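# Analysis of the macromolecular model
Each chain is listed here by its residues.
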Amino acid sequence: MSEVKTVENMVSITIDGTTYQAKEGEYILNAARANDVFIPAICYLTRCSPTLACRLCLVEADGKQVYACNAKVKDGMEITVDTPNILEERRAIMEVYDVNHPLQCGVCDKSGECELQNYTLELAVDSQSYAIQDTKREVKNWSTVLHYDAALCIVCERCTTVCKDMIGDAAISTTKRGGEPLDKAYKETMPKDAYAMWNKLQKSIIAPSNGTDYTNCSDCGECTAVCPVGALTGRDFVYSSNAWELERVPATCAHCSSGCQIYYEKKHTSVFDRSEKIYRVTNEWNYVSLCGAGRYGYDFENRVESKDEAAFNAAVEAFKKAETIRFNSVITNEEALMLQTLKEKMGVKLVNPDARAFQKFLDAYAKAAGQSLYSYDFKEVMATDFVISVGASLRNDNPNARYAFNNIQKMNKGAGLYFHPVGDTLVPTFGKNVELFTHKVGLEEAALYLVLDLFADKEKLPEDVKSYLDSFKTTATKTVKEKVMKNVTETVIDEETGEEKQVTKKVPEMVEKEVTVEKNALVEMLGKESDAFDATFEKMMKKKESFSMIVGEDLYFHDRYENIAKLIALIEQTTPIRVAMIPPKTNSLGVALICDLDDEATGYTVGYNENGNFRLSALGNGDLDMPAMNQQEGTLTNMHKRVTPTNAALEYNGYELNDLMKVLVGAPDLTVDWTEKLPVSKGFKTAKFDDLPNGYLNDGTENRGYALENLSCEAEAINVEKIGENSVLEGEIVYRCNPQRQFNDFTDKAHEIFEGFGLYASPAKAEALGKKVEIDFGDRSITVDVIEDDRMEGDITALADFKSEADVYSLFGPSRYRKVTIRKV
Amino acid sequence: MEVVSYRSVETFVQHIPEVTALGVWIKAIIILAVISAIAGFGTYVERKVLAFMQRRLGPMHVGPYGLLQIIADGIKLFTKEDIVPQNANKFIFMVAPVITAATAFIALAAVPVFPDFTIPEWIPVIGGTFVPSIAADLNIGILFVLGMMAAGLYGPLLAGMAQANKWGLIGAARTAVQFLSYEVVTGLSILAPIMIVGSLSFVDFNAAQAGGIANWLVWKQPVAFVLFLIAGFAETNRTPFDLLEHEAEVVSGYATEYSGMRWGMFFIGEYANMITISVIAAVVFLGGYSADGMGWLWIMLKIAFFFMLMLWVRAAWPHVRPDQLMWLCWKVLMPIAVINVVITGIVMMV
Amino acid sequence: MGLEQFKNRNVGQQEYVMLDLEHTPQSPIGKFKQVVKRTFKPELFVGLGVTMREMINALFRGQMHTIKYPFEKLPISPRYRAIHEMLRLLESGHYRCIGCGLCEKICISNCITMDTRYDENQRKEVSEYTINFGRCIFCGYCAEVCPELAIVHGQRYETASEQRASFSLFEDMLTPIDKLNLQQEYDGFGAVTPNADENIKKTPLAY
Ligand code: SF4
Ligand code: SF4
Ligand code: SF4
Ligand code: SF4
Ligand code: SF4
Ligand code: FES
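Cut-offs used in this document
Residues numbered from 1 in each chain as written. Chains lettered and ligands numbered in written order. Predicted model: local features only at pLDDT ≥ 70, side-chain atom pairs only at ≥ 80, totals over all residues. Heavy atoms only, no water. Helix = DSSP H or I, 4+ residues; strand = E, 2+ residues; numbered from the N terminus. Contact = heavy atoms within 4.5 Å. Polar contact = N/O pair within 3.5 Å; in protein donor to acceptor, adjacent residues only side chain to side chain. Pairing = 2+ DSSP bridges. Axes fitted to C-alpha atoms, helices over the stretch in contact; angles between N-to-C directions. Buried area = accessible area lost by both parts, 1.4 Å probe. Salt bridge = Lys/Arg side-chain N within 4 Å of Asp/Glu carboxyl O. Nonpolar A, V, L, I, M, F, W, Y, C, P; charged D, E, K, R; others polar. Buried < 20%, exposed > 50% of the residue type's maximum accessible area, 1.4 Å probe, protein only. Arc of directions from axis to C-beta. Near = heavy atom within 4 Å. Core = buried A, V, L, I, M, F, W, Y, C linked by side-chain atoms within 4.5 Å. Parallel < 35°, antiparallel > 145°, perpendicular 65-115°, else oblique. Left-handed = near helix turned anticlockwise from the far one by under 90°. Patch = residues over 30% accessible without salt bridge, like charges linked within 9 Å, V, L, I, M, F, W, Y side chains within 5 Å. Areas by Shrake-Rupley, 256 points an atom, 1.4 Å probe, with all protein chains shown as cover.

Looking now at the environment of Arg823(A). Residue and element names in this part refer to chain A. Mapped onto the elements of the fold, Arg823 is located in strand 39 (residues 821-824). Sequence separation of Arg823 and Asn621 is 202 residues, and the distance between their C-alpha atoms is 32 Å. Excluding its chain neighbours within four sequence positions, the residues that come into contact with Arg823 are Lys772, Val773, Glu774 and Asp776. Within polar-contact distance, the side chain of Arg823 engages the side chain of Asp776 at 3.3 Å.

In structure tokens form, the structure reads like this:
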């Protein structure tokens, strides 16, 4: 559960004489920010670990100088933000940051929103007391999107921190700069912290951590977002506009179900072309992290100059004779409601495979669990310290689910279990307590049973389940050596900063022990050594208090989805684990709640951004143009069970779905007039669009739209079935899965997203397959390029589904995995 | 004008050939042509002089030093639309400017302009014709001129009343009071010299002052001279007495609704009057012309001096209010003129 | 000027001189005296004298005021704010503008627009720059704010145009490369103050 602000976990602190309330265990800096108190700070990132790189956040707490980003509040703490000594330190720190910093604000992309500029002014640095010889630092392009100007870098380590603690790639890190050593005299004359900061700054610089010149990372661009100066920028954005010229349009990213808060930043295209263009996407990086699709996939607008009346009339005719409307989940709640209205009034069928699968799964879950929605949102997941992922290709399906999984490992000293048939080399690097189960396709039920076995309160379990679980167990005795940790304290000198520190080390001691070991056939079934796992699991469980589980699309497209949904409900009932689900596409959750979907398309079909006899398309290639997501207003329901508003960033002059509705069945004036009509029976609220906020509060509270209500319903008794061994697939298997940064036709249209359509395979498999292959699905086949994904492992290949033209959904039918024959072409 | 009378003047009688009708015609044409030209040229001179006095250049662009500006203005005046206001009394409106111009030129008939001369014999047809200095040497020349100029007031008066315009009407009213009152002063001021000379003919005046600067009447009648000058300014409607059409007060007074050549005729009349007054002043007070050698040049210089004086005054002085104007006329000038006449009479009798 | 004087909007006050005017006479004899006095005072002739003097000054002493404008032009102050010019670096001939966008930002009539891009030499290139002179109010802020002394006000003050929205492109304002030697350093609006050196603190250099 999210941390509720109850009186119990609030403490009172005093900052500069004023008393404030703060959450217990919070860092002083965050507590101050939540209360709108300003403490200078550069290097700290909310949700990431403090790095103490800048040391600007010095404050005096109860008479001692501490770093506000690293010291936790205590009840009754007295904090002074500025003391003469601290002011001297800060001033010296800012002077040091300005030493040899190129005087190029005039051209710098960050100018105007640069934290170095701001703090230099804020701390009134108008003279320089320090000097050192400069080192030549090169400008580098780290990837297709990253541009690093080392000369501007102040080595605050925000980029490396966010990459490690949030994103999980840890693709960049500090390395040696090869700068001159500091003049010894400074050590005596300079303020202590400033000297330590400078000592470190002068030695380091940022570089890709793989030792090459290229990052080979997820290209999420989050590092460019957090960079306080102009050092890290998007390659496409470099020198193209000044920050202050851009108009920010708050919106919701419409690429995946995470529905992140973003700002489209736009201005006119050029001196001669006054039509507006989006130059970049920014975010509130302290509270939300984007993926590469959100950050770089912004130019997918459908430029339509005028209303095409002939096409509109044809569309009206098409709708009148249509038997089916096929659409996908890149659609707002309002439009989904319009389609549902069409169904009610005109009797058309609504076909949307991804939302349909999720809808059925959600229904099954609701019946078993007695609530209409899953229990946790991903923020709550992020606050837990043990996370399990089942049935989601974490790296590809949903970046924010992956960030949460990673963040738990990094920030909460957490542990994680990852069940997936496709091997992954990135997930294990998230933390040392991450265990990967690369199981056979179809064994998701076994994974859930294992979770039950590991976490369930056996008393609560139904008898049959208990005995079924026991049936996997065998026992044996064994002598093991066990490590016991002993604490030893010693004094060391920190090399980088030259400070003395007391360090407590743990020294292991070996003790022999005789134990009874249980062998669990479930573990073996999922592809792991049972006793080895038992030992690791015991370690993983140390000091864990809260548990969460992420479930993904594999389960909704499983042929035994009903049983799986029940198992999940059972897990929630009998274990402390709470579940969060990843809706398969952008607004699958919204569509699943709003629309009454059908399984099969029949007769004359109107396709909305999908194939059909008559095509409405926001991609510009259909029979009637529709506005793309960055050209329309509306709300999206994201995986955090939130209805969030998005705004039109760019102009659109053509017809909208609402115009069709007006002619067909009658409709209100504006698309957003539908917002208040969203079904309350499904958890929506009768809120007006214009009243929906879209931002974050200073303490990180997500103040966007509203949260869906999780309605309780009648719960049926849970009757779970045994593992369906028949679902297991073996042989040549293709997995329907998009590469990172690709979600749909719109991301594909964006010019800064380069991941192609094709068959993704691990390096070994790609080599075996060659350049191009024909995948034979039995009834149909498709010929695609083979693309190597060096983070995949194993033999299963992944076929992208983002191109609606290729109709990959129908190739796979009701499953995400298919047994196929692959032939080289 | 057909009737040409010739009065012999003892001193010159033997030199003066007979005045023929042809000679008078030629003189009339010369006066018309030259005075109109001078009036036109006068506008140019006025602009230039005013400009110089304000350290400006004045017209510079049409012709050398802007000399052809008058032609440009002429073309403009002739080609401009002749607007007659809807509610105006059309006939009177159209006739009024003609009255001003015509009376101004008629007055000039009795004024000696340029000395006499005989057209050289070698010129065919008119060769040998004697052209007199004066078109009609009436024995009541001065009265005739003053009378004509007084009749000229009908021009502005009718114009102002005919045009159905308030400014015009005010202009007309001012015309009546200003011209009529100053006519009195002019007459009275010139009465004293007339008493001394004992004639109303310009020729007699001229003859009476012959024999050098010392004989000029201005020395005998300085008060009359000053009064006549002041009254002349008022008669010709010049600053500081340009109340009839003072644009800061009454837009353009009686000329408000006029345009094109009709307006131009007022203008020509005004300049012809200026010349007339200059000539009278020159002849009556400054010794007039002498027939010998450079005589013509002297009279020209004298006229030019008075003309110039009018421009100069315009550049330097502000104009007065109507009430001040009337006050000056009836309470100052008229009594002085009467006293002057009386004193002159007494002196003559003694 | 102290702040106090600066705040005093009634700037002419100190210059006033009270004239000792006579009172209008009430009695007829007084009035008569006034008339006589005025009549014989040479004031009117002083007026005539002044105008004559000025005419002589103008004609013979070369004190004519008139400037025959399109043929003759007065030199204008370097601080006059006329049509902008974009200057070049004297050494390299490269345009000085770095595309910082400050002029665009500060322009109160919003008439400057520019396009910039990342060029082949890893520099910021100003690919297009325009000022809409239909909107410019010649306030000089752009010249004042420019850190590079790149945009300045030139001497071309004839800004009449046939179109309301006339605007100039970069090339129109840029010193032609062949006229680089004629480029004048700008000492008007926005130029560095002569005592600039006294007002800055110097940065220590280690080498
Ligand atoms: S990083 Fe900041 S301080 Fe440095 S040049 Fe850019 S805007 Fe200026
Ligand atoms: S783009 Fe994303 S993954 Fe790559 S280095 Fe930056 S933060 Fe890390
Ligand atoms: S690149 Fe930016 S975020 Fe990274 S260390 Fe340098 S200044 Fe900090
Ligand atoms: S002079 Fe003023 S209005 Fe004109 S471009 Fe410069 S800043 Fe803008
Ligand atoms: S302020 Fe100067 S350097 Fe900056 S963009 Fe304008 S002209 Fe160029
Ligand atoms: S913010 Fe605390 S050390 Fe940088």
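Attention shifts here to the sheet that holds strand 13 (residues 276-282) of chain A. Residue and element names in this part refer to chain A. Overall, antiparallel pairing links the three strands, which are arranged 11-12-13 in an open sheet. The outermost strands of the open sheet, each flanked by one partner alone, are strand 11 (247-252) and strand 13. In this sheet, adjacent strand axes meet at a mean angle of 35° when their direction is disregarded.

Moving on, we get to the interface of chain C and chain B. Of the residues lining the interface, 16 residues belong to chain C; the matching set on chain B comes to 15 residues. With both sides pooled, the region where chain C packs onto chain B buries about 1,600 Å², and carbon together with sulfur makes up 77% of that total. Among the residues of chain C in contact with chain B, Leu48(C), Thr51(C) and Met55(C) are the three that bury the most area, contributing 31% of the side total. We note a salt bridge from Glu54(C) to Arg55(B), for which the minimum N-O separation is 3.0 Å. On inspection of chain C and its partner chain B, the count reaches seven residue pairs in polar contact (both at pLDDT 80 or more). Top contributing element to the side of chain C that touches chain B by residue count: helix 3 (residues 43-60) of chain C, with nine residues. Residue composition of the side of chain C that touches chain B, grouped by class: nine nonpolar, five polar and two charged.

Turning our attention to helix 2 (residues 69-79) of chain B. In an α-helix, one turn spans 3.6 residues, which is why side chains three or four residues apart end up on the same side. All names here are of chain B. Buried residues of helix 2: Gln69, Asp73 and Leu77, and no others. Mapping the buried residues of helix 2 onto a view down its axis gives an arc of 70°, with all of them on the same face. Turned more than 90 degrees from where helix 2 packs its buried face, Ile75, Phe78 and Thr79 sit exposed. As for helix 2, its buried residues are in contact with helix 1 (21-53) and helix 11 (260-285).

In this section: the interface of chain A and chain C. Contacts between the two partners involve 26 residues from chain A, matched on the other side by 25 residues from chain C. Contact between chain A and chain C buries roughly 2,000 Å² in total, counting both sides, with carbon and sulfur atoms accounting for 61%. When the buried area of chain A at its contact with chain C is split by residue, Tyr239(A), Trp244(A) and Val271(A) rank highest and sum to 30% of it.

Looking now at the pattern of salt bridges. Residues and elements named next belong to chain A. Evaluation of the coordinates by the stated rule reveals 59 salt bridges over all chains. As a salt-bridge pair, Lys200 and Glu157 come within 3.1 Å of each other at their nearest N and O atoms. In this pair, Lys200 is assigned in helix 6 (residues 192-203) and Glu157 in the loop between strand 7 (146-149) and helix 4 (158-167), connecting sequence segments 43 residues apart. By relative accessible area, which is 13% here, Glu157 ends up buried. Here the salt bridges do not stand alone but share partners, grouping Asp397, Glu553, Asp554, Lys585, Arg736, Asp801 and Arg816 into one network.

The next thing to look at is the site of ligand 2. Neighbouring ligand 2 are Leu146(A), Cys163(A), Ile167(A), Asp169(A), Ala171(A), Ile172(A), Cys217(A), Ser218(A), Asp219(A), Cys220(A), Gly221(A) and Cys223(A). When grouped by side-chain class, the residues that make up the shell around ligand 2 number eight nonpolar, two polar and two charged.

Across soluble globular proteins, you tend to see nonpolar side chains buried next to one another. Met549(A), Leu616(A) and Leu660(A) are the most contacted members of the largest nonpolar core, which totals 216 residues. Beyond its immediate stretch of four places on either side in the chain, Leu660(A) contacts Phe312(A), Ala315(A), Val316(A), Phe319(A), Leu616(A), Leu624(A) and Met626(A). In this structure, Ile35(B), Ile190(B), Phe241(B) and Leu286(B) belong to the second largest nonpolar core, which totals 68 residues.

Interchain contacts are distributed over two pairs of chains, and the most extensive set of them lies between chains A and C. There is a clear gap between chain A and chain B: no contact, and 45 Å between their nearest C-alpha atoms.

Residues and elements named next belong to chain A. Its place among the elements puts Ser375 in the loop between helix 11 (353-369) and helix 12 (378-382). Look at Ser375 and you get buried, because its relative accessible area is 13%. Of note is the side chain of Ser375, whose polar atom sits 2.5 Å from the side chain of Glu572.

Here the focus is the packing of helix 5 (residues 154-162) of chain B against helix 6 (residues 166-197) of chain B. Residue and element names in this part refer to chain B. Two elements in contact, helix 5 and helix 6, have axes separated by 7 Å at closest approach and are oriented at 155°. Comparing the axis directions of helix 5 and helix 6 gives the class roughly antiparallel. At the point where helix 5 passes helix 6, the crossing takes the left-handed sense. Residues Pro156, Leu157, Gly160 and Met161 of helix 5 touch helix 6, and the partners they reach there are Gly168, Leu169, Ala172, Thr175, Ala176 and Phe179.

All names here are of chain B. Side chains of Phe41, Val62, Leu67, Leu68, Ile71 and Ile75 sit close together on the surface and give an oily, nonpolar patch of about 490 Å² of accessible area. Relative to the helices and strands, Leu67 resides in the loop between helix 1 and helix 2. Leu67 gets classed as partly exposed once you look at its relative accessible area, which sits at 36%.

As a further point, take the pairing of strand 12 (residues 261-268) of chain A. Residue and element names in this part refer to chain A. With eight of its eight residues buried, strand 12 lies for the most part within the structure. In the sheet, strand 11 pairs with strand 12 via six bridges, with the strands oriented antiparallel. Note that in strand 12 the partner of Val249 across the bridge is Tyr264. With six bridges connecting them, strand 12 and strand 13 associate as antiparallel partners. Looking at the pairing, His268 lines up with Glu276 of strand 13.

This paragraph deals with the side chain of Ser204(A). Residue and element names in this part refer to chain A. By the secondary structure assignment, Ser204 is in strand 9 (residues 204-208). Judged by relative accessible area, which is 9%, Ser204 ranks as buried. Polar side-chain contacts of Ser204 include one of 2.6 Å to the backbone oxygen of Lys200. When residues no more than four places from it in sequence are discounted, the contact partners of Ser204 are Val155, Thr174, Thr175 and Arg177.

By themselves, these observations are geometric and do not establish any function.
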